[in-house]
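Residue-level structure breakdown
Residue-level listing of the chains:
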Amino acid sequence: MVDVVIAGAGPVGCFLARELRLAGAQVVVLEAEKMRSPYSKALTMNSRSLELLQMRGLAERFMREGVLLPTAHYAVLDTRLALAPLDTKIPYTLALAQRRTEELLEAAAREFGAEFRFAHAVSALHHDEGGVEVHVRSADEGDYIVRARYVVGCDGARSTVRSSAGISFPGTDATMTAFQGDARLAQPPTVTAIVNERGGMMMLRQADGSFRVVIVDPTRMHIPKECPPAEEELRDAMRRIAGTDFGLTETLWLSRFGNATRQAASYRKGRIFLAGDAAHIHFPAGGQGMNVGLQDASNLGWKLGAVLRGAAPEALLDTYHDERHPIGADVLENTRAQEALIGFTPQIAALRATLAELLTAPEANRRLAEKVTGIGIDYGRDRAHPWVGRRLPDLPTTDGASAFQRMHAGHFLLLDGGVENASQLVEPWMDRITVAHADVAGVRPGLENAGAILVRPDGHVAGVLNAH
């Protein structure tokens, strides 16, 4: 029996596999496809995802290959979201093709011994008190069964794991479609977005020698998602919206997408869990989908690892749904709000202008930037201290290393400010604790009397001990 079977070798499954291997769990990743898609639907990694990678010593691998951008957008409004004011050392989004993100995460998981099986598709699950029977279909090796203590479905919007577990996926079907793709342009644009009240909306971003082009075309918003767009459709839309096709010379790929919005009723059913698109889908406003999935993996990984080691009770696993489901619901809400702002009537144009003006106010801009980037995530409920459950920024320690640099092993981190009884915070986790000395009192509002801070492996505060 293996410890964990992960269905899906996308970015969420790969990151979770590495997190579980850090905790010592045996992991098998099953991927239905024979190879990774050469097309990259996701292109954006946000500040919080980069912090999670920084906590594991991986961020540099990604940042040296992608392009760092100092702003983000909300509904493609004229006023961009400024990231510099955020309380993070990485106030950027990273433009990097999803395929490359997946390759880097897979390599990082393999370095720690995760097993990957491509062209091995999960076909059914049978769940009992002792474990889960995973039925696998493989054209090369035939059908077989793997028995696992736990299964995590990271297998996308049409998740076999979710349907086999009988977890409902309530929400709304697509009511409109848009399309995107990568193209080579001989006359590159000087702007990143064009919104035309009559013609539509276009977003452009350079990546890997080509341009990612996203089109919302009011004349084509009711074409079914299953109907692939053609190059002439792209060229026609670009000319109508921008007045030019920017010297379009080659279309590398095109794909249509919709605004279906759904969320799993539960992220856990016994020994089965859901993460990423298997747990939530939404209109891709602000590039949040992959990032929310990576945060799911970060939250679940350390908890499942602790239970497998016998260091935590089974009840800890319930907190995965308790903490992540509200975050997913909030993402669905803000993407729906952005979707409502993508329209081509005089009324919507007036609303967009009003909100763009409001976003010039620093506090409003910062609030939305925290939401879109994940920097504002807070798991605090009935907290014993105002900081419990909050994301802790990367603080300095007295030995010259930062807090995140001390978290590469995936352990809890105790930032000890010199109080005598700090050990009481870490007693349940003594086998996986890193201690660093830091002056934590007053580093942020609400920590004026802090003498020690215990940080979870996912970077959220588990406890605070006052000095007096």
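In what follows, the accompanying structure is described. (Residues numbered from 1 in each chain as written. Predicted model: local features only at pLDDT ≥ 70, side-chain atom pairs only at ≥ 80, totals over all residues. Heavy atoms only, no water.)

What follows is about the sheet that holds strand S7 (residues 93–95). The sheet built from 3 strands is open, its strands ordered S3-S7-S4 with antiparallel pairing. Every interior strand has two partners, whereas the edge strands, strand S3 (44–45) and strand S4 (67–69), have only one. As paired strands, S4 and S7 are joined by 3 bridges and run antiparallel to one another. Across the sheet, residue Val67 finds its bridge partner in S7, namely Ala95. (Pairing = 2+ DSSP bridges. Helix = DSSP H or I, 4+ residues; strand = E, 2+ residues; numbered from the N terminus.)

Taken in spatial order, the 3 strands make up an open sheet running S12-S18-S21, and their pairing is antiparallel. Where the open sheet ends on each side, the last strands, each with one partner, are strand S12 (171–172) and strand S21 (280–281). In the sheet, strand S18 (residues 261–263) pairs with S21 via 2 bridges, with the strands oriented antiparallel. Note on S21: the bridge partner recorded for Arg262 is Ile281. Across the face of the sheet, helix H8 (residues 318–340) comes into contact with S12, S18 and S21 while running at roughly 170° to S18. (Contact = heavy atoms within 4.5 Å. Axes fitted to C-alpha atoms, helices over the stretch in contact; angles between N-to-C directions.)

What follows concerns the pattern of salt bridges. It is possible for side chains of opposite charge to pair when their charged atoms get near one another. For the structure shown, the criterion picks out 38 salt bridges. In this structure, Arg406 engages Asp399 in a salt bridge whose closest nitrogen and oxygen atoms are separated by 2.7 Å. Arg406 sits in the partly exposed class, given a relative accessible area of 25%. One network of salt bridges, in which partners are shared, links Asp217, Arg220, Glu233, Asp236, Arg240 and Arg256. (Salt bridge = Lys/Arg side-chain N within 4 Å of Asp/Glu carboxyl O. Buried < 20%, exposed > 50% of the residue type's maximum accessible area, 1.4 Å probe, protein only.)

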